[in-house]
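Tertiary structure, described
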Amino acid sequence: MFRINENYLQLNQSYLFSTIAKKIEAFNTANLESDLIRLGIGDVTLPLSPTVISALHSAVDEMASSNTFRGYGPEQGYDFLRNKIAEIDFRGRGIEISADEIFVSDGSKSDTGNIGDILGEENVVAITNPVYPVYMDSNIMRLGKSSNILLLTCSKENGFIPELPTERVDVVYLCFPNNPTGTVMTKSELAKWVNWALENESLILFDAAYEAYIQDANLPRSIFELENAKRCAIEFRSFSKNAGFTGLRCSYTVVPKELKVRASNGDMVSLHGLWNRRQSTKFNGTPYIVQRAAEAVYSPQGQQETQEMVAYYMQNATVIREGLIGRGLTVFGGEHAPYIWLQCPTGLDSWAFFDLLLEKCHIVGTPGVGFGSAGEGYFRLTAFNTHEKTLEAVERITQWNI
Ligand code: MLT
């Protein structure tokens, strides 16, 4: 008899955003769908920018001619895109990352979920609580609900910034600007983690999917701004939230060549080599046309359009943040991130608030407890809807006699 990976039986019955989607479906059968305002999953609403669309059209036309048609591309991504990423996202900001340290992919969800393939099962893995559910679920899939998964509580008391572990930790996931709390780490806070990782020979998996939302030039947009971070960190970046690629799918992961670890046979092994081996075996590359679209994000016009997109969503974040504060709610995030994390009004747990907000205001958000037990009593709203719907949502909440 064949066996299944029984670790899957230890997962919550469905992925957080699938559960919410089912609740929305039920709402829509009973109500007018047009009235619903979605501030739940962090999915963008603005269309792709004109420069990106034009690059996509040209790439599609190339695929129509036998002279320019492309079949399989390099699993790591085309040089035209890797070079631009290295030049603009890193060297342009004084960080030495070379193009061949960049692995283009179809989303940070895939890469943060798959990275465990190259890590030993005996590692103690630390995950913040609350957290983007992919880190937790992908580790449960691999390890089961094991004592090797350690939770780092992020609460109002520590400003939603995890404290350094006092026990052994081999791998830690950090996401800043943070999903779901919208909080940021300063350079000196991040430096503590880098120093800790170097001292303990631990690995930091740094998710920087929301770096474009940072408004203060002194806050780190990449972990590689920190000295020696290339010896202890892998960074994940995405085109989803800055350039609206949630439907198109493109991201990249930086695995520095300096990142090495001693294997049990005593050899020093490069994680870059392992990830390259993993990707070239299990992944056939991001579509050519999508990589051309991502390349267009780096043109001067593309950069300007991207900044405008981010500014648009940040205006929404401000509207939500200020509106909720004005309504007397306790609010975090939303200043350098597209997420607003609020404390549910007294007595309400996260799902009770979710149900009430849906029923009374016809607004969908995300219950904090869906991101982990420490999210209980909190609620996340996203800034990714349109200005009009965001204003309307805040108006409905303001008028609501909670
Ligand atoms: C979220 O809402 O947390 C994100 O949109 C999920 C994702 O990026 O996969």
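Structural notes on the site of the ligand
By nearness alone, every residue bordering the ligand is listed as Phe-17, Ile-41, Gly-42, Tyr-132, Asn-179, Tyr-210, Lys-241, Tyr-339 and Arg-380. Interatomic distance of 2.8 Å between a side-chain N/O atom of Lys-241 and an oxygen atom of the ligand. For the ligand, whose accessible area on its own is 270 Å², the fraction buried by protein is 84%. When we break the shell around the ligand down by domain, the ones giving at least three residues each are domain 1 (6–47 + 302–399) and domain 2 (51–300).

What about the sheet that holds strand E14 (residues 366–367)?
With antiparallel pairing, four strands are arranged side by side in an open sheet as E11-E12-E15-E14. Sheet topology places strand E11 (331–333) and E14 at the edges, where each strand pairs with a single neighbour. With five bridges joining them, strand E12 (residues 339–343) and strand E15 (residues 378–382) adopt antiparallel strand pairing. Across the sheet, Trp-341 pairs through a bridge with Arg-380, a residue of E15.

Digging into the pattern of salt bridges
In total, this model carries 17 salt bridges according to the counting rule given. Among the ionic pairs, Glu-211 bridges to Arg-93, the shortest N-O distance being 3.9 Å. Note that Glu-211 is positioned in the loop between strand E6 (203–207) and strand E7 (233–238) and Arg-93 in the loop between helix H3 (79–90) and strand E2 (102–105), a separation of 118 residues in sequence. Accessibility expressed as a relative area gives 6% for Glu-211, which makes it buried. Residue classification places Arg-93 among the partly exposed residues on the basis of a relative accessible area of 35%. With a shortest N-O distance of 2.9 Å, Lys-282 and Asp-117 are connected by a salt bridge. One end of the pair, Lys-282, is in helix H8 (residues 271–282); the other, Asp-117, is in the loop between helix H4 (108–114) and strand E3 (125–129), and 165 residues separate them in sequence. Overlapping salt bridges, with partners in common, bring together Asp-89, Arg-93, Glu-211, Arg-221, Glu-235 and Arg-237 in one network.

Looking at the environment of Ser-373
As for its position among the elements, Ser-373 is in the loop between E14 and E15. Ser-373 sits 242 residues away from Val-131 along the chain, and the two C-alpha atoms are 9.7 Å apart. A polar contact of 2.9 Å, which involves the side chain of Ser-373, links it to the side chain of Asn-129.

Considerations on helix H1 (residues 16–30)
End to end, H1 covers 22 Å across 15 residues, agreeing with the expected 21 Å (1.5 Å per residue, within 8%). Listed as buried for H1 are Leu-16, Phe-17, Ile-20, Ile-24, Phe-27 and Asn-28. Seen from one end, H1 has its buried residues packed into an arc of 105 degrees, which puts them on one side. Residues Lys-22, Glu-25, Thr-29 and Ala-30 are exposed on H1 and point more than 90 degrees away from its buried face. Structurally, H1 contributes buried residues whose contacts are with strand E1 (37–38), helix H5 (133–143), helix H11 (350–361), strand E13 (363–364), E14 and E15.

Thoughts on the packing of aromatic side chains
For the structure on display, the rule yields 26 aromatic pairs. On the numbers, 6.3 Å between centres and 65 degrees between planes, the contact of Phe-17 with Phe-371 is edge-to-face. Of this pair, Phe-17 sits in helix H1 while Phe-371 sits in the loop between E14 and E15, and the two are 354 residues apart along the sequence. Accessibility expressed as a relative area gives 2% for Phe-371, which makes it buried. Taken together, the ring pairs in this structure connect Tyr-15, Phe-17, Phe-160, Phe-332, Trp-341, Phe-371 and Tyr-378 into an aromatic cluster. When the ring centre of Phe-103 is taken as reference, the NZ or CZ atom of Arg-82 above it lies at 6.0 Å. The ring of Phe-80 is capped by Arg-292, whose NZ or CZ atom sits 3.6 Å from the centre of that ring.

As for the nonpolar core
Core analysis: the biggest nonpolar cluster contains 50 residues, and Ile-204 and Phe-239 have the highest contact counts within it. Setting aside residues up to four positions removed in sequence, Ile-204 forms contacts with Val-172, Leu-174, Trp-193, Val-194, Ala-197, Ile-223, Cys-232, Ala-233 and Ile-234. In terms of nonpolar packing, the next biggest core, distinct from the first, is built from 48 residues, Cys-154, Ala-212, Phe-371 and Trp-400 among them.

Details of the sheet that holds strand E5 (residues 171–175)
Spatially, the seven strands line up as an open sheet ordered E2-E8-E7-E6-E5-E3-E4, and their pairing is mixed. Bordering the open sheet on either side are E2 and strand E4 (149–153), each of which pairs with just one other strand. Ignoring strand direction, the axes of neighbouring strands in this sheet form an average angle of 20 degrees. Sheet analysis places E6 next to E7, joined by four bridges and oriented parallel.

Some remarks on the packing of helix H2 (residues 50–63) against helix H10 (residues 300–326)
Following both chains from N to C, one finds H2 and H10 inclined at 130 degrees, their axes separated by 8 Å at the closest point. Classified by the angle their axes make, H2 and H10 are oblique. Here H2 contributes Pro-50, Thr-51 and Val-52 to the contact with H10, which in turn contributes Gln-301, Gly-302 and Glu-305. Split by residue class, the contact of H2 with H10 holds two nonpolar, three polar and one charged.

Cut-off values and rules
Residues numbered from 1 in each chain as written. Predicted model: local features only at pLDDT ≥ 70, side-chain atom pairs only at ≥ 80, totals over all residues. Heavy atoms only, no water. Near = heavy atom within 4 Å. Polar contact = N/O pair within 3.5 Å; in protein donor to acceptor, adjacent residues only side chain to side chain. Areas by Shrake-Rupley, 256 points an atom, 1.4 Å probe, with all protein chains shown as cover. Domains from an automatic or database assignment. Pairing = 2+ DSSP bridges. Helix = DSSP H or I, 4+ residues; strand = E, 2+ residues; numbered from the N terminus. Salt bridge = Lys/Arg side-chain N within 4 Å of Asp/Glu carboxyl O. Buried < 20%, exposed > 50% of the residue type's maximum accessible area, 1.4 Å probe, protein only. Expected span 1.5 Å × (residues − 1). Arc of directions from axis to C-beta. Contact = heavy atoms within 4.5 Å. Phe/Tyr/Trp six-rings, centres within 6.5 Å; stacked < 30°, edge-to-face > 60°. Lys NZ or Arg CZ within 6 Å of the ring centre and 35° of its normal. Core = buried A, V, L, I, M, F, W, Y, C linked by side-chain atoms within 4.5 Å. Axes fitted to C-alpha atoms, helices over the stretch in contact; angles between N-to-C directions. Parallel < 35°, antiparallel > 145°, perpendicular 65-115°, else oblique. Nonpolar A, V, L, I, M, F, W, Y, C, P; charged D, E, K, R; others polar.

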